[in-house]
Structure formats: C-alpha cells, structure tokens
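Chain by chain, the residues run as shown.
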Amino acid sequence: MAETHVLFVEDDDVIREATQLALERDGFAVTAMPDGLSGLEAFRANRPDIALLDVMVPGLDGVSLCRRIRDESTVPVIMLSARADSIDVVLGLEAGADDYVTKPFDGAVLVARIRAVLRRFGHAGRPAGDPGRSGGPGGPDEHGVLSFGDLEIDTEGMEVRRGGVRVALTPTEMRLLLEFSSAPGTVLSRDRLLERVWDYGWGGDTRVVDVHVQRLRTKIGQDRIDTVRGFGYKLKA
C-alpha cells in the first residue's frame, strides 16, 4: 500500500523537523516546507494526500495558503494554531480547512486527527452507521437521489445539484449534508455531528461544526438548514 503523503508547512525549524520525524515514524511520507509560498509550490508539484498548515508562516500565511489550495483541490487540510481561542482558527475553517489542532500538540494526537480526517475522506459517502432508506419524502429514488425542494443529492455518484446546477462540495461538506439528509426535520446536536462527521470519539470544538454549516448554507441555500438555538441544526424536510 502506498504511503500517505503529508504536506507540512511550518516555519519553526525545531517543530518542523521533530514533527516530520514523528510522522515518518508512523508511516507517513512527509514534505516539509518553511513558508507558504514554498508550501504552495510543493502542493502543486506533489499533490499530497493531506496538508498540515501552520497559521503563522511567512510569505503566504496559512489561511491564505489554505484558500489557494481549496481553489484547486478538495484535499483535506488541517490548520495548526498556537491559540485555541484565536480568530485564526475560525478564519482557517472559513478558508476551507477541515479541522485544526492547537499548538503545542502531542504527536499521537496529531496522528489520530490526521487518520480521522483521512478515514472520513476515504468514506465520504454514507455517514457511518446510516443504513440508508428507500422511498418516502426525502428518501432516495431508484437511482439513489434524495430530493429536498430544488436540492438534489446523488448518494451514489456523490454529487449535489441545486436548481439543476452542480454544487461543488468538499468531502467534509458532503458528509455533513448526508448526515443531515439521513434525518430531515430532525435536530442534530453539534456533539452528534462532531462524532458522526468528524469522527471525534471525544469532545471537540463546536466551532468546527458551526463554520462548516455556514459554508454549506452558502452553497445549498441559507434557508435550507435551520438553527435550533441551544440544541443544534436541522435540514428542512
């Protein structure tokens, strides 16, 4: 089996070298770069399986680099931030990152988060545990297409159309939409979404959910997903 190729962009020499060695010991192939511009060049040259981007890198900061990557690819991106409460976390998620890890981080935790992201990208179809449904309002037709008004979700071809026009979603956004569509009209808590979509078996930062819901709304319609204050979100049936 081919090694998973990680692009790691970090300007701190000690962190970059130590993290690269730790990831390589866990079986990853790592391309490590000290700044955003060299990171972008390495991304275009090597097309990694996943990108780890420190927020504060010179030349082209991590958030801007994430945007550039997202313009060209749906490859998973994890942001690295020195402060959990930093606005940079939200900016990184809004730029298209799929998750973030706070520095300083434990190497085992980082590897676990990488593997969790890769698992859900490798299974971007039906959310874990969803047995599927057939027929009825919101259920898939014989071609596996779910319909909610002008929104159509092809659960077999992994495509979404709104008003007949294809909507480009990242795998994380697709899994989030599939989780909602598996229970239309049902309120899904942020904790459930973290567990089912982000594969968190432990508590996580609910900002990850909130930002991804906002990103999804901009693509499928702001009024398609309701916020139920104090409880979570639901897809309009």
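Structural data are supplied above this passage.
Residues numbered from 1 in each chain as written. Predicted model: local features only at pLDDT ≥ 70, side-chain atom pairs only at ≥ 80, totals over all residues. Heavy atoms only, no water.

Visitor: Run through the overall build of the protein, naming residues and quoting values.
Guide: Counting secondary structure elements, the protein contains eight helices and eleven strands. Out of the 237 residues in the protein, the part that is buried amounts to 49%. Taking the intrachain contacts of the protein between residues at least 6 apart in sequence as the baseline, contacts between residues at least 24 apart amount to 59%. Working note: accessible area of the protein is about 11,000 Å², and carbon and sulfur atoms make up 50% of it. (Helix = DSSP H or I, 4+ residues; strand = E, 2+ residues; numbered from the N terminus. Buried < 20%, exposed > 50% of the residue type's maximum accessible area, 1.4 Å probe, protein only. Contact = heavy atoms within 4.5 Å. Areas by Shrake-Rupley, 256 points an atom, 1.4 Å probe, with all protein chains shown as cover.)

Visitor: So what's going on with the pairing of strand β7 (residues 151-154)? Residues and values would help.
Guide: With burial as the criterion, only one face of β7 is covered, namely that bearing L151 and I153; the residues E152 and D154 on the opposite face remain uncovered. By the bridge criterion, four bridges tie strand β6 (residues 145-148) to β7 in an arrangement that is antiparallel. Following the sheet pairing, F148 is matched in β7 by L151. In textbook terms, the turn of a hairpin is the stretch between consecutive antiparallel strands, and for β6 and β7 this stretch comprises two residues, one of which, G149, has a positive phi near 65 degrees. Alignment of β7 against strand β8 (residues 159-162), held across four bridges, turns out to be antiparallel. Its bridge partner lying in β8, I153 is registered against V160. With antiparallel pairing between neighbouring strands as the criterion, β7 and β8 make up a hairpin whose turn holds four residues, including M158 at a positive phi of roughly 55 degrees. (Pairing = 2+ DSSP bridges.)

Visitor: Tell me about the pattern of salt bridges, residues and numbers included.
Guide: Where charged atoms of side chains with opposite charge meet at close range, the side chains can pair. With the rule as written, the count across this model stands at 16 salt bridges. A salt bridge links D226 to K236, with the shortest nitrogen-to-oxygen separation between them at 3.9 Å. On the criterion of sequence distance, the pair formed by D226 in strand β10 (residues 225-228) and K236 in the segment after β11 (232-235) is long-range, its members being ten residues apart. The exposure class of D226 is partly exposed, given its relative accessible area of 25%. (Salt bridge = Lys/Arg side-chain N within 4 Å of Asp/Glu carboxyl O.)

Visitor: An account of the packing of helix α6 (residues 171-181) against helix α7 (residues 190-197) is needed here, citing residue identities and associated values.
Guide: Look at α6 against α7: their axes get within 10 Å of each other, and the N-to-C directions meet at 125 degrees. What the angle tells us is that α6 and α7 run oblique. The handedness of the crossing between α6 and α7 comes out as right-handed. In this structure, α6 uses T172, R175, L176, E179 and F180 to contact α7, whose residues at the interface are R192, L193, R196 and V197. (Axes fitted to C-alpha atoms, helices over the stretch in contact; angles between N-to-C directions. Parallel < 35°, antiparallel > 145°, perpendicular 65-115°, else oblique. Left-handed = near helix turned anticlockwise from the far one by under 90°.)

Visitor: If you had to explain the nonpolar core to someone new, which residues and values would you point to?
Guide: L53, M79, I153 and F180 are the most contacted members of the largest nonpolar core, which has 51 residues in total. Residue contributions to this core peak at six residues, all from helix α8 (residues 207-220). Residues within four places of F180 in sequence aside, it is in contact with L188, L193, V213, L216, I225, Y233, K234 and L235. Among the nonpolar cores identified, the runner-up in size contains 15 residues, and V6, L23, F28 and L80 belong to it. (Core = buried A, V, L, I, M, F, W, Y, C linked by side-chain atoms within 4.5 Å.)

Visitor: Which residues make up the sheet that holds β6, and what are the values?
Guide: In space, the four strands of this open sheet follow the order β6-β7-β8-β9, with antiparallel pairing throughout. Pairing within the sheet leaves two strands with one partner each, and these edge strands are β6 and β9 (165-167). With direction set aside, neighbouring strand axes in the sheet form an average angle of 25 degrees. By the bridge criterion, three bridges tie β8 to β9 in an arrangement that is antiparallel. Among the inter-strand pairings, R161 is bridged to a residue of β9, identified as R166. Its contacts with the sheet place α6 against β6, β7 and β8, and it is angled at close to 105 degrees to β7.

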